[in-house]
Amino acid sequence: MRVHIAWPILFALLSIFLFSVVLYQKSAIPKYREAERLQPTLRTFAQDLAKLQEESGTTPSDITNIMAEPRFDKIRPYGIKFLDHPKWIISIRINDRFSFDVGVDGSLLWIEKP
């Protein structure tokens, strides 16, 4: 009789474990972790971009040249979009939940989409 009870309990525990793994992957925690680990690199990138903006303005080729530096390898795979706003230069989309806007003064704005 004990053997027959063990199978449903084992199945229930396995189901709970798989459900929790799926729930964790769908939550914001992995996406937040991905964005958070890029923040120091993005801050340095924003400061370099602000210096360039102050000197001569920013063009797509300038951003490509800055991104070619080895210290920005971590942010190279993410999408960059120019913004039509006088205070912000570009937006860097990390994943479907988080992005960063880079300001003209080198500030970095963390944006979370609901």
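Attention here is on the structure that accompanies the text. Quantities reported herein were computed from a predicted structural model and do not represent experimental measurements.

1. Observations concerning the pattern of salt bridges
One side chain can pair with another of opposite charge once the charged atoms of both are near each other. Under the counting rule described, the total for this entry stands at five salt bridges. Ionic pairing is found between Arg-71 and Glu-69, a salt bridge with its closest N-O pair at 2.7 Å. According to the relative accessible area criterion, Glu-69 is partly exposed, its value standing at 29%. Of the charged contacts, one joins Glu-112 and Arg-97 as a salt bridge, the two residues approaching to 3.1 Å between their closest N and O atoms. Remark: Arg-97 occurs in the loop between strand 2 (88–93) and strand 3 (98–103) and Glu-112 occurs in strand 4 (residues 108–112); sequence separation between them is 15 residues. For Glu-112, a relative accessible area of 46% puts it in the partly exposed group. Relative accessible area serves as the criterion here: at 26%, Arg-97 is assigned to the partly exposed category. One salt-bridge network, in which partners are shared between bridges, spans Asp-48, Glu-69 and Arg-71.

2. Describing the packing of aromatic side chains
Applying the stated criterion across every chain, the model contains five aromatic pairs. Ring centres of Tyr-32 and Trp-110 lie 5.3 Å apart, and the angle between their planes is 50°; on these two criteria the pair is classed as tilted. With Tyr-32 in helix 2 (residues 29–56) and Trp-110 in strand 4, this pair connects stretches of sequence that are 78 residues apart. Take Tyr-32: its relative accessible area is 39%, and that puts it in the partly exposed class. Using a relative accessible area of 26% as the deciding quantity, one classes Trp-110 as partly exposed. Considering the side-chain rings of Phe-45 and Phe-72, the 5.3 Å spacing of their centres and the 75° angle between planes classify their relative orientation as edge-to-face. Separated by 27 residues along the polypeptide, Phe-45 in helix 2 and Phe-72 in the loop between helix 3 (60–67) and strand 1 (79–82) bring together distant segments of the chain.

3. Notes on the nonpolar core
By size, the foremost hydrophobic cluster in this structure holds 21 residues, and its most contacted members are Leu-42, Phe-45, Leu-49, Ile-90, Ile-92 and Ile-94. The element that contributes the greatest number of residues to this core is helix 2, accounting for seven residues. Non-local contacts of Leu-49, meaning those with residues more than four positions away in its chain, are made with Thr-58, Ile-63, Ile-66, Ile-89, Ile-90 and Val-102.

4. Focus on the sheet that holds strand 4
Strand order across the open sheet formed by four strands is 1-2-3-4, with antiparallel pairing between neighbours. Looking at which strands have only one partner, the edges of the open sheet turn out to be strand 1 and strand 4. Between one strand axis and the next, the sheet turns by 25° as a mean value, whatever way the strands run. As paired elements, strand 1 and strand 2 share four bridges and run antiparallel to each other. Its bridge partner being in strand 2, Gly-79 is matched across the sheet by Arg-93.

Rules used throughout
- Residues numbered from 1 in each chain as written.
- Predicted model: local features only at pLDDT ≥ 70, side-chain atom pairs only at ≥ 80, totals over all residues.
- Heavy atoms only, no water.
- Salt bridge = Lys/Arg side-chain N within 4 Å of Asp/Glu carboxyl O.
- Buried < 20%, exposed > 50% of the residue type's maximum accessible area, 1.4 Å probe, protein only.
- Helix = DSSP H or I, 4+ residues; strand = E, 2+ residues; numbered from the N terminus.
- Phe/Tyr/Trp six-rings, centres within 6.5 Å; stacked < 30°, edge-to-face > 60°.
- Core = buried A, V, L, I, M, F, W, Y, C linked by side-chain atoms within 4.5 Å.
- Contact = heavy atoms within 4.5 Å.
- Pairing = 2+ DSSP bridges.
- Axes fitted to C-alpha atoms, helices over the stretch in contact; angles between N-to-C directions.

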